[in-house]
Amino acid sequence: MDVGEEIYEIVKKIFPINRSITGGGVRETLQILHEYLPELKVYEVPTGTRVFDWTVPQEWNCEEAYIEDEEHNRILDFQTNNLSIVNYSIPIDKWVTLAELKELIYTQPDQPELIPYVTSYYNRRYGFCMSENQKSELKEGNYHIVINSSLKDGSLSYGEYVIKGECKEEIFISTYICHPSMANDNCSGIAVAVKLAELLGKQQNRYTYRFIFVPETIGAITYLSRHLEYMQKHVIAGFNLSCVGDNLSYSYVPTRKGGTLADRVIDNILTYHTSGYTRYSYLDRGSDERQYNAPGIDLPVCCFCRSKFHVFPEYHTSADNLTFVSKEGLQGSFDILRMCFAVIEMNDLYVCTTLCEPQLGKRNLYPKVGQKGTYQSIKWYQDFLAYADGDNDLIDIGNHLRVSAYLLIDVVRVLLENKLIKVKDGKKGSF
Amino acid sequence: MDVGEEIYEIVKKIFPINRSITGGGVRETLQILHEYLPELKVYEVPTGTRVFDWTVPQEWNCEEAYIEDEEHNRILDFQTNNLSIVNYSIPIDKWVTLAELKELIYTQPDQPELIPYVTSYYNRRYGFCMSENQKSELKEGNYHIVINSSLKDGSLSYGEYVIKGECKEEIFISTYICHPSMANDNCSGIAVAVKLAELLGKQQNRYTYRFIFVPETIGAITYLSRHLEYMQKHVIAGFNLSCVGDNLSYSYVPTRKGGTLADRVIDNILTYHTSGYTRYSYLDRGSDERQYNAPGIDLPVCCFCRSKFHVFPEYHTSADNLTFVSKEGLQGSFDILRMCFAVIEMNDLYVCTTLCEPQLGKRNLYPKVGQKGTYQSIKWYQDFLAYADGDNDLIDIGNHLRVSAYLLIDVVRVLLENKLIKVKDGKKGSF
Amino acid sequence: MDVGEEIYEIVKKIFPINRSITGGGVRETLQILHEYLPELKVYEVPTGTRVFDWTVPQEWNCEEAYIEDEEHNRILDFQTNNLSIVNYSIPIDKWVTLAELKELIYTQPDQPELIPYVTSYYNRRYGFCMSENQKSELKEGNYHIVINSSLKDGSLSYGEYVIKGECKEEIFISTYICHPSMANDNCSGIAVAVKLAELLGKQQNRYTYRFIFVPETIGAITYLSRHLEYMQKHVIAGFNLSCVGDNLSYSYVPTRKGGTLADRVIDNILTYHTSGYTRYSYLDRGSDERQYNAPGIDLPVCCFCRSKFHVFPEYHTSADNLTFVSKEGLQGSFDILRMCFAVIEMNDLYVCTTLCEPQLGKRNLYPKVGQKGTYQSIKWYQDFLAYADGDNDLIDIGNHLRVSAYLLIDVVRVLLENKLIKVKDGKKGSF
């Protein structure tokens, strides 16, 4: 089974669970992740905890929810599709007329066959979601509406998995676990993160890798409120994973000011390992990169996506299901991020050790006979050396050479072995 | 009567006057402006005064000028069109042959129906201007040519109108009053400046506004020679108004190095409030921005135009008349500058007061239910906050958000009221 | 005879000589240059001398070389075309079968009619070069192969010609003398350099001009190893001349980081004196600019070409002969470089001496009568003055005015004579 298939299996496993920003669904999801990442730690933050401008809300759980007609036919059942009620609905159990019922129903009129995903976390209300088609066919009569939910003091749950490296500088990976049954948004992000964590956990790394699995917005804010100072000191690059499972495109949302190590590495890798990608504006942000890049937070965290949230038509509807994502799509995301990490691990400033070009021939790195057309094989060596001036790091040199920095890792190794370059102390900019 | 009509009325009133860089026409024009701006001050600078590399010339006035044929038919009369003689012509009264007359006549051969505008301020000569068509139809015979003008020691006149603001920093508006009967060049500039001054005079302003009405080149140089040090200390943005009355296009000439507050605000406003405009090169300058941007002067003054001088075919001919300008054209210029001033008044550095995004919901600035498509209404709040990092001023944020900074003024007010942003001390750069 | 013809005559004279990185052909070539430049100095660097990472190799000479068939027909003769053997071939004299012979023959299969240029400086071997067509028609039988060459301790030769200027700052011109009979690569570079040196030697120059004629790579490295510190202190701009004799295009390879005086002047001159040119990437380098721009060397040296090495099909084959270059092509290169030098000589920071625009009229630099269309003649004066702020040098002003800096030299002279500008002490950036 290749990695793409393994990731898809995780997506399938966590897809059915009813998640929200708090409650049993989040805990159940984290429990499954624990099977893959035994050292995953789960934290609980009590209702009422102040986190910057926000307050951790009451915990929401929902046992069952349905609508029945007068003949007790269930015309809507939360067990069948957990998008069927407004997420965070308060409990209700009463009979309503058709007119009253229609006031409680949310649809997506421009996509009449789909059930929309609707939330109301901070305003106490209840409601049902169904397709516009179903709504328009509802018959006159009375309906029994039941939402057997609870909103009680409890806690907000999140998971954290840290892989210690040789140094304290960190690569930060964030993904969100609050969306119910939607495959791309965001079972895909969770599953890709798990497999990346598994991979990194098995190898020796220079940098520390920190993965967090949090409810979107309130969870990221909660996490930041607890770790901001440490993160500002140690995080050198970060990636928020959102909608990374379809096979339609690649994209990322840059950091607010751009130009961080995270922006630079993902730009290089996407440029040379995809047939095209979209570099969005920071105006197009929408997931937890909003918090990581907020003024005063200013962490170097991009948002990586295949097709970006808000952009693909299946977004936030029942069409974002297990057929919309694919093992190829998931594998593609996994590979891009794996290569980004590999580049970051080697992303030093390099400086050549000779004045003028070195004589590659005496090191068997040069063609024995000079004729036009015979030099291409050693061009990467020569070009790498030409830019190894102590001001350029691996990504810079990749960009100068118009080639993937990942593919230059072998060049670096050969040149280091031959003592033709050395690592210069320090890093580009602040790191 | 709307503002456009009021401006057009001023244009009509001052159009017939024979203006030059000195003399009674300038004074008469300033007298009319005084009716609108009772606190307008008029200054007189004596002939012979040294102003930087220049000297204030003798004052020129012209009572009458004409050409008559042998039958006393007036074939040209200064009373009919004051473009008919070379501006600053010395007096003459003699009979000439047709051949001699032709040597004294200026035409615009590529526009054979129009009378050109010709000047000779610093070389004593006389001449007549007529259409190429008229010249080519002149009959053999003798002609009586008369220019009853005077060139005497006197003074150069200019007007100044200052509206004190809460602080000493100034917005500087310059326009020129030396051109005879041409509507766009520059009755339009004078009239728009008058109505802007009237508007600003009625309201409380943060900044001081200084309007000057000067003869082009020699007047601007004279003014600078008297006020340079003060202006370099206090002027934060300035606009020279030239040819602002037609309805064909919008344009501006940037400052020599670009990037000043004046460039930035007019670029933002023209981008988002017109259907297209021309940002000229500083090489295309031609009016008093030449002096304000000269090395060593270096004031942040752009030149704002509808169709730029030298560009529209009617330029410097008898076709630049009252039908070429319109109340819509004048109103458009008025509105662009009014919005520029409003933006400058609010153009502080803003900084958000919370870490991470604030919870807009508890301030009633967020939709109660979350579903795709419902967030647009609050996007400007979120985006403004995302860039309110203390490094961006209102114009920067408008540019980041790709929206008029003028339209963000209400956003600023709401966010300030909700204490979600505050003004950061200081300004961007030195301005 | 115009300069183009004179340069072509030099190309013709040195074309037949068998050159290599060492040996008699180099000395013979330098001897011819000495006829044009009597003060040319020739230096000899002994075999075995360590030069940075390299070692000066043994000296190579070749008396004769040929292949004969069993009937003593010479099917290949070094005297006919010195590309016929692998340059630096060790001696051989033996009979081989056709199969054995074919192993020793280099051809250019994609250009079957041409003899390729092949070298093996640092790996002891021997070989023959012929057209693919000739090789494929070789008949069965035995062949007598003879290379009467020698590889002995000796020396590497190079020439240097210095024209002292008023100051010690230097313009550095490098070209290479190691290629055998190829006209564009690089008899052209040698010949153009000679005529430029001759021209500069006849006139008074502000800057010192240093011309070097070196074997490529090893010669440039040798020269740098002896003069690096002095050059880093004094060279303000340099040009490597390679393939400057065809008439197909203009191009240059910029310095590694770009933006040096050399880049700036050649960019301006090529922009305004050619109908188009190619600004290559530093990735496209290939001649001694590789050494001059290596990290730690960092001299401001571009490579100037007509059609660049590697790009034209005749490159490194027998088709790069006396018909491929032309006097027009050579003259074009000569003129571009001559203009570059003239601009550098005048490339000061200029600052105007008046506040506001000066009154050009009283200096007879302004039209006597002002009418639209009459100002073009003085626009260069006004525009030069507008940018003469002490921050812009002649090249900057040319670029601002979108005109050749060379054509502005007369404007500079007039403005200096009229004391409207003066030279500001110091230079842009580090020089």
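Within any chain, residue numbers begin from 1 and follow the written order of that chain's sequence. Whichever chain is written first becomes A and whichever ligand is written first becomes 1, with later ones labelled in order. In view of the model being predicted, local features appear only for residues whose pLDDT reaches at least 70, and side-chain atom pairs are presented and counted only at 80 or more, with totals across whole chains, interfaces and linings using the full set of residues. The side-chain numbers reported here are obtained from all heavy atoms of the structure, hydrogens and water having been left aside.

## Details of the domain arrangement of chain A
And step 1. Under the domain assignment used here, chain A contains domain 1 (3-57 + 155-345), domain 2 (61-152) and domain 3 (348-428).
And step 2. Each domain's extent is set by a domain assignment, obtained either automatically or from a database. Taking the mean C-alpha position of each, domain 2 of chain A and domain 3 of chain A sit 63 Å from one another.

## Quick look at the interface of chain B and chain A
And step 1. In this analysis, two residues are considered to be in contact whenever any of their non-hydrogen atoms come within 4.5 Å of each other. Every contact between the two is made by 26 residues of chain B and, on the other side, 35 residues of chain A.
And step 2. We define buried area as the total accessible area lost by two parts upon association, computed with a 1.4 Å probe and summed across both. Counting the surface lost from both chain B and chain A, the interface buries some 2600 Å², and carbon and sulfur atoms represent 50% of this.
And step 3. Broken down residue by residue, the surface that chain B buries against chain A is led by Cys356(B), Glu357(B) and Lys372(B), which jointly contribute 28%.
And step 4. We count a salt bridge whenever a side-chain nitrogen from Lys or Arg sits within 4 Å of a carboxyl oxygen from Asp or Glu. At the junction of chain B and chain A, the tally comes to seven salt bridges.
And step 5. The partner of Asp383(B) in a salt bridge is Arg285(A), with the nearest N and O atoms 2.7 Å apart.

## Here's the deal with the relation of the copies chain C and chain A
And step 1. Here chain C sits on chain A after a turn of 120° about the axis and a move of 0.0 Å along it, with an RMSD of 0.0 Å. Both chain copies can therefore be described as sitting about a three-fold axis. Copies are brought into register by a least-squares superposition over C-alpha atoms of residues with pLDDT of at least 70 in both.

## What to know about the interface of chain C and chain A
And step 1. Each partner contributes to the interface: chain C provides 35 residues, whereas chain A provides 26 residues.
And step 2. Both sides together, the interface formed by chain C and chain A hides about 2600 Å², and carbon and sulfur atoms give 49% of it.
And step 3. By the criterion of area lost to chain A, the three top residues of chain C are Asp53(C), Leu283(C) and Pro295(C), representing 27% of everything that side buries.
And step 4. The tally of links between chain C and chain A comes to seven salt bridges.
And step 5. Across the salt bridge formed by Asp53(C) and Lys362(A), the nearest N and O atoms sit 3.7 Å from each other.

## Here we look at the packing of aromatic side chains
And step 1. Note on aromatic contacts: the rings of Phe and Tyr and the six-membered ring of Trp form a pair at centre separations within 6.5 Å, being stacked when their planes are under 30 degrees apart, edge-to-face when over 60 apart, and tilted otherwise. The full count for this structure, using the stated rule, is 48 aromatic pairs over all chains.
And step 2. For the ring pair Trp54(B) and Tyr122(B), a centre distance of 5.7 Å and an interplane angle of 65° mean the geometry is edge-to-face. Residue Trp54(B) is found in strand β3 (residues 54-55), and its partner Tyr122(B) is found in the loop between β7 (105-106) and β8 (128-129); the two are separated by 68 residues along the sequence.
And step 3. Think of it in three bands: residues with accessible area under 20% of the maximum for their type are buried, residues over 50% are exposed, and the middle band is partly exposed, with areas taken using a 1.4 Å probe on protein chains only. In this structure Trp54(B) comes out as buried when scored by relative accessible area, which is 8%.
And step 4. With 6.3 Å between their ring centres and 25° between their planes, Tyr252(B) and Tyr277(B) make a pair best called stacked. Of this pair, Tyr252(B) sits in strand β14 (residues 251-253) while Tyr277(B) sits in the loop between α7 (261-273) and β15 (278-279), and the two are 25 residues apart along the sequence.
And step 5. Given a relative accessible area of 0%, Tyr252(B) falls into the buried group.
And step 6. One aromatic cluster is present, formed by Tyr43(A), Tyr158(A), Phe172(A), Tyr223(A) and Tyr292(A) through successive ring pairs.
And step 7. Either the NZ atom of lysine or the CZ atom of arginine qualifies as a charge over a ring when it sits within 6 Å of the ring centre and within 35 degrees of the ring normal. Over the ring of Tyr66(A) we find Arg74(A); its NZ or CZ atom is 3.5 Å from the centre of that ring.
And step 8. Above the plane of the ring of Tyr280(C) lies Lys308(C), whose end atom (NZ or CZ) is 5.0 Å from the centre. Under the DSSP-based scheme used, a helix requires at least four consecutive residues in state H or I and a strand at least two consecutive residues in state E, with every element numbered from the N terminus.

## Observations regarding the pattern of salt bridges
And step 1. A full pass over the atoms with the stated rule returns 74 salt bridges over all chains.
And step 2. Arg363(C) is paired through a salt bridge with Asp53(B); the nearest N and O atoms lie 2.8 Å apart. In this pair, Arg363(C) sits in the loop between β17 (349-352) and α10 (379-387) while Asp53(B) sits in the loop between β2 (50-51) and β3, so the two residues belong to two different chains.
And step 3. For Arg363(C), a relative accessible area of 22% gives the class partly exposed.
And step 4. Residues Arg210(C) and Glu170(C) are paired through a salt bridge, measuring 2.6 Å at the closest nitrogen-oxygen approach.

## Focus on helix α12 (residues 409-417) of chain C
All names here are of chain C.
And step 1. Those residues of α12 that sit buried are Ile409, Val411, Val412 and Leu415. For α12, the angular spread of buried residues about the axis comes to 155°, placing them on one side. The exposed set on the far side of α12, more than 90 degrees from its buried face, consists of Asp410 and Glu417.
And step 2. Turning to α12, the residues buried within the fold contact α9 (327-345), β17, α10, α11 (394-401) and β19 (421-424).
And step 3. In the segment just after α12, Lys419 is the residue with positive phi, at about 55°. Each direction from the helix axis to a C-beta atom contributes to the arc, which is the arc of those directions.

## Focus on the side chain of Ser326(A)
And step 1. Considering the arrangement of structural elements, one finds Ser326(A) in the loop between β16 (301-305) and α9 (327-345).
And step 2. Those residues in contact with Ser326(A) that lie beyond four places of it in its chain are Tyr8(A), Gly245(A) and Asn247(A).

## A few points about helix α6 (residues 218-234) of chain C
All names here are of chain C.
And step 1. A helix is expected to span 1.5 Å for every residue after the first. Between its first and last C-alpha atoms α6 spans 23 Å; for 17 residues at 1.5 Å apiece the expected length is 24 Å, and the two agree.
And step 2. At His227, α6 shows its maximal bend, which comes to roughly 80°.
And step 3. For α6, the complete set of buried residues consists of Ile218, Gly219, Ala220, Ile221, Thr222, Tyr223, Leu224, Leu228, Met231 and His234. Here the bend at each residue means the angle between axes fitted to two seven-residue stretches, the one ending at that residue and the one beginning there.

## Re unusual backbone geometry
And step 1. Omega for the peptide link from Asp185(A) to Asn186(A) comes to 20°, which places this bond in the cis form.
And step 2. At Cys243(A), a residue that is not glycine, the phi angle is positive and equals roughly 55°.
And step 3. Position of Cys243(A) relative to the elements: it lies in the loop between β13 (235-241) and β14 (251-253).
And step 4. A residue is classified by how much of its surface remains accessible, and Cys243(A), at 0% relative accessible area, is buried.
And step 5. Backbone geometry places Cys356(C), a non-glycine residue, at a positive phi of 65°.
And step 6. Following the sequence through the fold, Cys356(C) ends up in the loop between β17 and α10.
And step 7. The exposure class of Cys356(C) is buried, given its relative accessible area of 3%.

## Looking at a positive patch on the surface
Residue and element names in this part refer to chain A.
And step 1. Residues Lys41, Lys164, Lys168 and Lys233 make up a contiguous surface patch of positive charge.
And step 2. Inspection of the secondary structure assignment puts Lys164 in the loop between β10 (155-163) and β11 (170-176).
And step 3. Since its relative accessible area comes to 71%, Lys164 is described here as exposed. Each patch is built from residues that are more than 30% exposed by relative accessible area and take part in no salt bridge. Like charges join if they lie within 9 Å; nonpolar side chains (Val, Leu, Ile, Met, Phe, Trp, Tyr) join within 5 Å. In these tables, accessible area is a Shrake-Rupley quantity obtained with a 1.4 Å probe, and a residue counts as shielded only by the protein chains included in the view. In this tally, Asp and Glu contribute negative charge and Lys and Arg positive charge; neither His nor the terminal groups of the chain are included. To locate a charge, take atom NZ for lysine, CZ for arginine, CG for aspartate or CD for glutamate.

## Digging into the side chain of Gln108(B)
And step 1. Its place among the elements puts Gln108(B) in the loop between β7 and β8.
And step 2. For Gln108(B), a relative accessible area of 6% translates into the label buried.
And step 3. Residues contacting Gln108(B), with those up to four places away along its chain left out, are Leu114(B), Pro116(B), Glu132(B), Gln371(C) and Lys372(C).

## What to know about the packing of helix α1 (residues 3-14) of chain A against helix α2 (residues 24-36) of chain A
Residue and element names in this part refer to chain A.
And step 1. Helix axes are fitted to C-alpha atoms over the stretch in contact, other axes to C-alpha atoms as well, and angles between N-to-C directions run from 0 to 180 degrees. Contact pair α1 / α2: the axes reach a minimum separation of 10 Å and the direction vectors enclose 155°. In terms of orientation, α1 lies roughly antiparallel with respect to α2. For α1 against α2, the interelement crossing comes out right-handed. Facing Ile10, Lys13 and Ile14 of α1, the residues of α2 in contact are Thr29, Ile32, Glu35 and Tyr36.
And step 2. Taken together, the residues that form the contact of α1 with α2 break down as four nonpolar, one polar and two charged. Any angle that falls under 35 degrees is termed roughly parallel, while one over 145 is termed roughly antiparallel, one within 65 to 115 roughly perpendicular, and all others oblique. By definition, any crossing whose near helix is turned counterclockwise from its far helix by less than a right angle is left-handed, and any crossing with a clockwise turn is right-handed. Classification used: nonpolar for Ala, Val, Leu, Ile, Met, Phe, Trp, Tyr, Cys and Pro, charged for Asp, Glu, Lys and Arg, polar for all others including Gly.

## Structural notes on the packing of helix α2 (residues 24-36) of chain B against helix α5 (residues 183-202) of chain B
Residues and elements named next belong to chain B.
And step 1. Remark: α2 packs on α5, axes separated minimally by 10 Å, with the N-to-C direction vectors making an angle of 25°. It follows from the interaxial angle that α2 and α5 lie roughly parallel. The hand of the α2/α5 crossing is right-handed. Facing Thr29, Leu33 and Tyr36 of α2, the residues of α5 in contact are Ile190, Val194 and Glu198.
And step 2. Broken down by class, the residue content of the contact of α2 with α5 amounts to four nonpolar, one polar and one charged.

## Re the sheet that holds strand β4 (residues 59-68) of chain A
All names here are of chain A.
And step 1. DSSP calls a pair of strands paired once it identifies at least 2 bridges connecting them. Taken in spatial order, the four strands of this open sheet run β5-β4-β9-β6, and their pairing is antiparallel. Among the strands making up the open sheet, the edge pair consists of β5 (74-77) and β6 (92-97). The sheet shows a mean angle of 15° between the axes of neighbouring strands, direction not considered.

## Thoughts on the pairing of strand β12 (residues 208-214) of chain A
All names here are of chain A.
And step 1. Among the seven residues in β12, seven count as buried, and that is most of the element.
And step 2. Every second residue of β12 is oriented toward a common face, with Thr208, Arg210, Ile212 and Val214 on one face and Tyr209, Phe211 and Phe213 on the other, all of them buried.
And step 3. Of the strand pairs in this sheet, β10 and β12 are connected by five bridges, and their pairing is antiparallel. Its bridge partner being in β12, Val162 is matched across the sheet by Arg210.

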